[in-house]
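Here is how the chains run, residue by residue.
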Amino acid sequence: MKKTIKTYYKTKISFWNTVTTELDAIYKDKAVFAIFFSVCFVILVLYTSIYSKQVIREVPVAIVNEDASKLSRDYISMLDASSGIQTFPNYSDLEEAKLAYYSKKVMGIIIIPKDFEKFIKQGKQTDVISFSDASNMLFYKKVLGDVSIITSYFNAGIAIKKEILKGKSIAQATEYYAPIKPISTSLFNINSGYATYLIPMLTALIVQLVILMAMGLLYGSRNENSNLTTHYPRLLHFGGTIPILLGKSFLYLMLFILIIPIQIGIVYSLFGIPIRSSIFLIYLFLIPYILAVVFLGIIITSFFKKREDSIIFLVLLSIPSLMLSGLSFPTESFPVFYQYLGKLLPSTSGIDGFIKLSQMEASFSNILPEWKSLWLLTFIYFTLAVFTLKRIAIKESKQNISIV
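Predicted, not measured: the structure shown is a model, and the values here were computed from it. (Residues numbered from 1 in each chain as written. Predicted model: local features only at pLDDT ≥ 70, side-chain atom pairs only at ≥ 80, totals over all residues. Heavy atoms only, no water.)

With that settled, the discussion passes to the UniProt feature "transmembrane region" (unreviewed entry) in the chain. UniProt records the feature "transmembrane region" (unreviewed entry) for residues 31-50, 194-219, 250-273, 279-304, 311-329 and 374-393 in the present numbering. Here residues 31-50 runs as 100% helix and 0% strand, with 25 Å between its end C-alpha atoms. Taken end to end, residues 250-273 comprises 92% helix and 0% strand; its first and last C-alpha atoms sit 29 Å apart. (UniProt positions renumbered as here; feature names shortened; annotations may be inferred. Helix = DSSP H or I, 4+ residues; strand = E, 2+ residues; numbered from the N terminus.)

Printed below as a string of structure tokens:
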């Protein structure tokens, strides 16, 4: 009984020693402290402010009007009235418009052919040729989308006028032309804003990035001096790694319990990013996410000989983490190998679950697959981290014996 109580107190002391040691190291290391402040707040505010306009409007488009008729001018007026396109109809030919495009004065070109009005009045089909900058998908989508919509409206107007000339009423002509009335509703991201799409993903990714960078710098310094067992003397004892791992994960959990409300409460409110979940459910979801990242960080950083090594590796890791998260391309369309590779990173399930919870108003039962996946990663990385810390402690112990 006395032995059990003694073990308990030693474990408790080791746990709190880990918490205070890690917190003191973060506070004293200016680089690590700066990472928490700059990445968690400054970068998030900066990125959100850059995309705060949410939607691209008034994309400049060159108009080459080879017809110069009233009907062609009406068509141009409709294009210009759209929120996405700003027309510049003073280009005489395609070559002049191309020069403006290559000098980035315009992001697209629309050509209205000769005999545009004549063919329409004769009931013949005519073409409107549009060129849009597909090297930038946002410009491309905006120009192509607005041209398609305005052309559909223009076609509808012509068809309805013809039906009216046949003696039908406006209501009959409209119903004849469009027997199906589409009703479209945007879910979650109502304004189709880019910031509303991007920033929640970035918020979840920052959790992984900050923890790994902070741990990389701290462990890089300790590995340079081979003093891990000095900071955590019970590493070599039986079960000594467990309170150390729990202490580290507890500290980072507490740090992000403070950081997340500031990000959501201030940054999101400041720029109008919606939050459709309670802070309690967000905390509950983040527990296995942070734990998995901490234990993964211990495994990864054990290979770093110097502080600089950690920065290089983790910067390189952040790019695959971003790509495999589904930010730039749906994960369902990845090759199977990369889908499984993405699941090994906590950020993949972490971002997916955080988006569903905070933006899509999902219930906690809806994100259970992601939550369970994070707990599975937590168990796997915890087990590997136990062996990793024990291996480092034994290695340092042998080195100290050889020196003596």
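After that view of the structure, there is still more to cover.
Once that is clear, we can look at the packing of aromatic side chains. Counted by the stated rule, this structure contains five aromatic pairs. Ring plane angle 80° and centroid distance 5.1 Å describe the contact between phenylalanine 337 and tyrosine 338, whose orientation is recorded as edge-to-face. Phenylalanine 337 gets classed as exposed once you look at its relative accessible area, which sits at 55%. Look at phenylalanine 364 and tryptophan 371: their rings are 5.2 Å apart centre to centre, the planes differ by 75°, and that puts the pair in the edge-to-face class. For the pair phenylalanine 364 and tryptophan 371, one class covers both residues: buried. In textbook terms, an aromatic cluster arises when at least three aromatic residues are bridged by ring pairs, as seen for Phe364, Trp371 and Trp375. Taking the ring centre of tyrosine 101 as reference, the NZ or CZ of lysine 104 above it sits at 5.8 Å. (Phe/Tyr/Trp six-rings, centres within 6.5 Å; stacked < 30°, edge-to-face > 60°. Buried < 20%, exposed > 50% of the residue type's maximum accessible area, 1.4 Å probe, protein only. Lys NZ or Arg CZ within 6 Å of the ring centre and 35° of its normal.)

As a further point, take the pairing of strand S2 (residues 85-91). Sheet analysis places strand S1 (residues 59-65) next to S2, joined by five bridges and oriented parallel. Residue pairing for S2: alanine 62 is matched across the bridge by phenylalanine 88. Of the crossover connections in this fold, the one passing from S1 over helix H3 (residues 70-81) to the parallel S2 is right-handed. (Pairing = 2+ DSSP bridges. Right-handed = clockwise from strand over helix to strand, strands pointing away.)

Bringing helix H4 (residues 94-102) into the picture now. Taking the backbone nitrogen of glutamate 95 as reference, a side-chain oxygen 3.3 Å away marks aspartate 93 as the first, capping residue of H4. One or two positions beyond H4, positive phi appears at lysine 104, with a value near 65°. (Polar contact = N/O pair within 3.5 Å; in protein donor to acceptor, adjacent residues only side chain to side chain.)

On to the nonpolar core, then. Counting residues in each nonpolar core, the largest one holds 73 residues, and the members touching the most others are Phe36, Ile211, Tyr252, Phe256, Phe285, Ile290 and Ile298. Looking at this core, the element that brings in the most residues is helix H8 (residues 194-225), giving 16 residues. For tyrosine 252, the residues in contact, after removing those within four places along its chain, are Glu22, Ile26, Phe36, Ile211, Ala214, Met215, Leu218, Ile290 and Val294. Of all hydrophobic cores here, the second largest spans 18 residues; its members include Ile63, Ile76, Val143 and Val147. (Core = buried A, V, L, I, M, F, W, Y, C linked by side-chain atoms within 4.5 Å. Contact = heavy atoms within 4.5 Å.)

This part is about the sheet that holds S1. Spatially, four strands are ordered S2-S1-S3-S4 in an open sheet, and the strand pairing comes out mixed. The strands lining the two open edges of the sheet, one partner per strand, are S2 and strand S4 (129-132). Neighbouring strand axes in the sheet, compared pairwise and without regard to direction, differ in orientation by 20° on average. Of the strand pairs in this sheet, strand S3 (residues 108-112) and S4 are connected by four bridges, and their pairing is antiparallel. Within S4, the residue paired with isoleucine 109 across the bridge is phenylalanine 131. H3 rests against S1, S2 and S3 of the sheet, and its axis sits at about 145° to S2. (Axes fitted to C-alpha atoms, helices over the stretch in contact; angles between N-to-C directions.)

So, on to the pattern of salt bridges. One pass over the structure, following the stated rule, counts four salt bridges. Between glutamate 95 and lysine 98 there is a salt bridge whose closest N-O contact spans 3.7 Å. Taken as a pair, glutamate 95 and lysine 98 lie in helix H4 at a separation of three residues, close to a single helical turn. Here aspartate 352 ties to lysine 356 by a salt bridge, and the two come within 3.8 Å at their closest N and O atoms. Note that aspartate 352 and lysine 356 are positioned in helix H14 (residues 346-358) at a spacing of four residues, about one turn of the helix. Lysine 356 sits in the partly exposed class, given a relative accessible area of 23%. A single salt-bridge network, built from bridges that share partners, covers Asp352, Lys356 and Glu370. (Salt bridge = Lys/Arg side-chain N within 4 Å of Asp/Glu carboxyl O.)

We now examine the side chain of serine 349. You can see serine 349 is positioned in helix H14. Polar side-chain contacts of serine 349 include one of 3.3 Å to the side chain of serine 373. Those residues in contact with serine 349, other than ones at most four positions away along the chain, are Phe285, Glu370, Ser373 and Leu374.

Attention now goes to unusual backbone geometry. At lysine 104, a residue that is not glycine, the phi angle is positive and equals roughly 65°. What makes lysine 104 exposed here is its relative accessible area of 51%.

With that out of the way, let us pick up the environment of aspartate 127. Inspection of the secondary structure puts aspartate 127 in the loop between helix H5 (116-121) and S4. By relative accessible area, which is 52% here, aspartate 127 ends up exposed. When the C-alpha positions of aspartate 127 and isoleucine 111 are compared, they lie 8.8 Å apart, and in sequence the two are 16 residues distant. With residues up to four places along the chain from it excluded, the contact list for aspartate 127 reads Ile111 and Pro113.

What follows is about the confidence of the model for the chain. Looking at the chain as a whole, its pLDDT mean stands at 75, while 77% of the residues score no less than 70. Model confidence for the chain, summarised as mean pLDDT per element, is weakest for helix H9 (residues 228-231) at 52 and strongest for helix H11 (residues 279-301) at 86. (pLDDT = per-residue confidence, 0-100.)

A few words now on the packing of helix H10 (residues 241-271) against H11. The geometry of a pair of packed helices is captured by two quantities: the angle between their axes and the separation between those axes. Where H10 meets H11, the closest approach of the two axes is 9 Å, and the angle between their N-to-C directions is 135°. Overall, the two elements H10 and H11 adopt an arrangement that is oblique. The two elements H10 and H11 meet at a crossing, and its hand is right-handed. Between H10, through Leu245, Lys248, Ser249, Tyr252, Leu253, Phe256, Ile257, Ile260, Pro261 and Ile264, and H11, the contact on the second element is made entirely by Ile279, Ile282, Tyr283, Leu286, Ile287, Ile290, Leu291, Val294, Phe295 and Ile298. (Parallel < 35°, antiparallel > 145°, perpendicular 65-115°, else oblique. Left-handed = near helix turned anticlockwise from the far one by under 90°.)

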